[in-house]
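Listed here are the chains, written in short residue letters.
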Amino acid sequence: MQVRREVEELDPYVPGRSKEEIAQEFGVKKEDIIKLGSNENPWGPSPKVKEAIEEELKNINRYPESDVEALKKEFAKYSNVSPEQIIVGGDGADELIDTLAKTFIEKGDEFIVPLPSYMYYEFLFKPYGAIPHYARWNLETNTLDLDSVLDAINEKTKMLFLCSPNNPTGALISQDEFRAILNKTSKSKGGVCDALVVIDEAYFEYSETTNVNLLDEYDNIFIIRTMSKVLGLAGMRIGYGISSKEIIEYMHRIKPVFSLTKLSYVAALTTMQDKEYIEESIKKGIESREYLYNEINKMKSVKVYKSYSNFMLIDIHDTGFTAAELTKEFMKRGMIVRDCTSFKGIDEYYIRISICTLEEDAKFIEAMKDILNE
Ligand SMILES: *Cc1c(COP(=O)(O)O)cnc(C)c1O
């Protein structure tokens, strides 16, 4: 059978490795594995979630709600916008990226991504016949190369993906930079095209900044958020998006209707109502990040990038290891780190690690010193 050309030519997405895989492959006990590969919340979900899910189990013979009104209200309150500006995704934020493509992309439209960044954007957009144009992050200064983004914008540009804090570099894009990009992508502001500027705030809590205020000035913004990171629900697959009422209304027409399961719905609602859990998760996350950064920064053979997120990029050019080799050394010791070789825009000498509990962090630092003879 002949499949569509876009599918035939698609590079597979390479996710972080799971505990199950590593336990099998390296003969280590699953319970002992320390996972620093996928930017999750290491302290688990809100303790109230377990009870809420147990209570809801008796109702799973019924279809879920389709308009998830109460949850939209929670996200709206959390984000300081109105509920009509919110859309909820049931395969995480990734579902909303797909919905963006379904809503806006005609074959041949161009989208811009500064590299290195989250690889899932192009994985989801290429099947729709959209064409990626790459701009750059400057790894010397760990800032966005703004000119490379502005230069990439033309009449065919339909969307831009700007991740802030950026995965995997951890750096932020400033509001001046966003304004420069937004002005060039809105015809009403004298720009060369009408393109949607997607601001991916999957990790915004760890940076203690947001770009929601820009929605008051521009109507071509879509902000991506997720419950998979600081909010501790990666396994439940819940994301949300914030934009103008008009864009959200169009997206609702095409989004899968029942993608948020009943169990995910109560888990999400319970977490958003547990303010104490959210605050604690942010505080502990930042503390863990600063600990890891300071310890790794003392090592001579690596360069660690300052991060406003719950992970950090490490340049390992001077260690004598490739990322694949170093990742393997960690796996032998029961630790999962992210080999960044599959990220476009960087070579095979970078790894990314994410926060763990302070106890696990200390074990990781010990292992790293041991492997690198630091
Ligand atoms: C994790 C992540 C997401 C979304 O993840 P979901 O689990 O699908 O909600 C989006 N963008 C970036 C940059 C991420 O790292």
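Residues numbered from 1 in each chain as written. Predicted model: local features only at pLDDT ≥ 70, side-chain atom pairs only at ≥ 80, totals over all residues. Heavy atoms only, no water.

A. Quick peek at the overall build of the chain. Secondary structure assignment for the chain yields 14 helices and 14 strands. Here the chain holds 374 residues, and 56% of them are scored as buried. Contacts spanning at least 24 positions in sequence make up 72% of the contacts within the chain whose residues lie at least 6 apart. As presented, the chain carries roughly 16800 Å² of accessible surface, and 49% of it is formed by carbon and sulfur atoms. (Helix = DSSP H or I, 4+ residues; strand = E, 2+ residues; numbered from the N terminus. Buried < 20%, exposed > 50% of the residue type's maximum accessible area, 1.4 Å probe, protein only. Contact = heavy atoms within 4.5 Å. Areas by Shrake-Rupley, 256 points an atom, 1.4 Å probe, with all protein chains shown as cover.)

B. Here's a closer look at helix α14 (residues 358–372). If you check α14, its first and last C-alpha atoms are 21 Å apart, about what 15 residues at 1.5 Å a residue would give, namely 21 Å. Of the residues making up α14, those classed as buried are Asp 361, Phe 364, Ile 365, Ala 367, Met 368, Ile 371 and Leu 372. All buried residues of α14 lie within an arc of 165° about the axis, which places them on one face of the element. Here the buried face of α14 lies against α12 (275–297), β11 (311–315), α13 (323–332), β12 (335–336) and β14 (350–354). After α14 finishes, the residue Asn 373 shows a positive phi value of roughly 55°. (Expected span 1.5 Å × (residues − 1). Arc of directions from axis to C-beta.)

C. How the structure looks around the sheet that holds strand β5 (residues 143–144). The strand order β2-β9-β8-β7-β6-β3-β4-β5 describes an open sheet built from eight strands, whose pairing is mixed. Strands at the two margins of the open sheet, each flanked by one partner only, are β2 (86–89) and β5. Sheet topology places strand β4 (residues 131–138) next to β5; two bridges connect them, and they run antiparallel. When the sheet's bridge partners are listed, Trp 137 is paired in β5 with Leu 144. Packing of helix α10 (residues 245–254) onto the sheet brings it into contact with β2, β7 (196–200), β8 (221–226) and β9 (239–242), and relative to β2 it is tilted by some 30°. (Pairing = 2+ DSSP bridges. Axes fitted to C-alpha atoms, helices over the stretch in contact; angles between N-to-C directions.)

D. Spotlight on the site of the ligand. If you check the shell around the ligand, you find 14 residues, and the closest are Asp 200, Tyr 203, Thr 226, Ser 228 and Lys 229. Within the side chain of Asp 200, one N or O atom sits 2.6 Å away from a nitrogen atom of the ligand. At a separation of 2.6 Å, an oxygen atom of the ligand approaches a polar side-chain atom of Ser 228. For the ligand, whose free accessible area comes to 390 Å², the fraction covered by protein is 94%. Of all the elements, helix α5 (residues 92–104) adds the most residues to the shell around the ligand, at three residues. Tallied by class, the residues present in the shell around the ligand amount to five nonpolar, four polar and five charged. (Near = heavy atom within 4 Å. Polar contact = N/O pair within 3.5 Å; in protein donor to acceptor, adjacent residues only side chain to side chain. Nonpolar A, V, L, I, M, F, W, Y, C, P; charged D, E, K, R; others polar.)

E. Examining helix α4 (residues 69–79) more closely. For α4, every residue scored as buried is listed here: Leu 71, Lys 72, Glu 74, Phe 75, Ala 76 and Ser 79. Looking at the buried side of α4, the elements it contacts are β2, β8, β9, α10, α11 (262–273) and α12.

F. Region of interest: the packing of aromatic side chains. Within the structure shown, the criterion is met by 14 aromatic pairs. Residues Tyr 78 and Phe 204 carry aromatic rings whose centres are separated by 6.2 Å and whose planes lie at 75° to one another, so their mutual orientation is edge-to-face. With Tyr 78 in helix α4 and Phe 204 in helix α9 (residues 204–207), this pair connects stretches of sequence that are 126 residues apart. Classification of Tyr 78 as partly exposed rests on a relative accessible area of 23%. Of the residues examined, Phe 204 reaches a relative accessible area of 11% and is grouped as buried. What links up through ring pairs into an aromatic cluster is the set Tyr 13, Phe 111, Tyr 118, Tyr 120, Tyr 121, Phe 123, Phe 125 and Phe 161. The aromatic ring of Tyr 218 is capped on one face by Lys 189, whose charged end is 4.8 Å from the ring centroid. The ring centre of Tyr 308 lies 5.7 Å from the NZ or CZ of Lys 306, which sits over that ring. (Phe/Tyr/Trp six-rings, centres within 6.5 Å; stacked < 30°, edge-to-face > 60°. Lys NZ or Arg CZ within 6 Å of the ring centre and 35° of its normal.)

Note that all results are geometric; they support no functional claim without further evidence.
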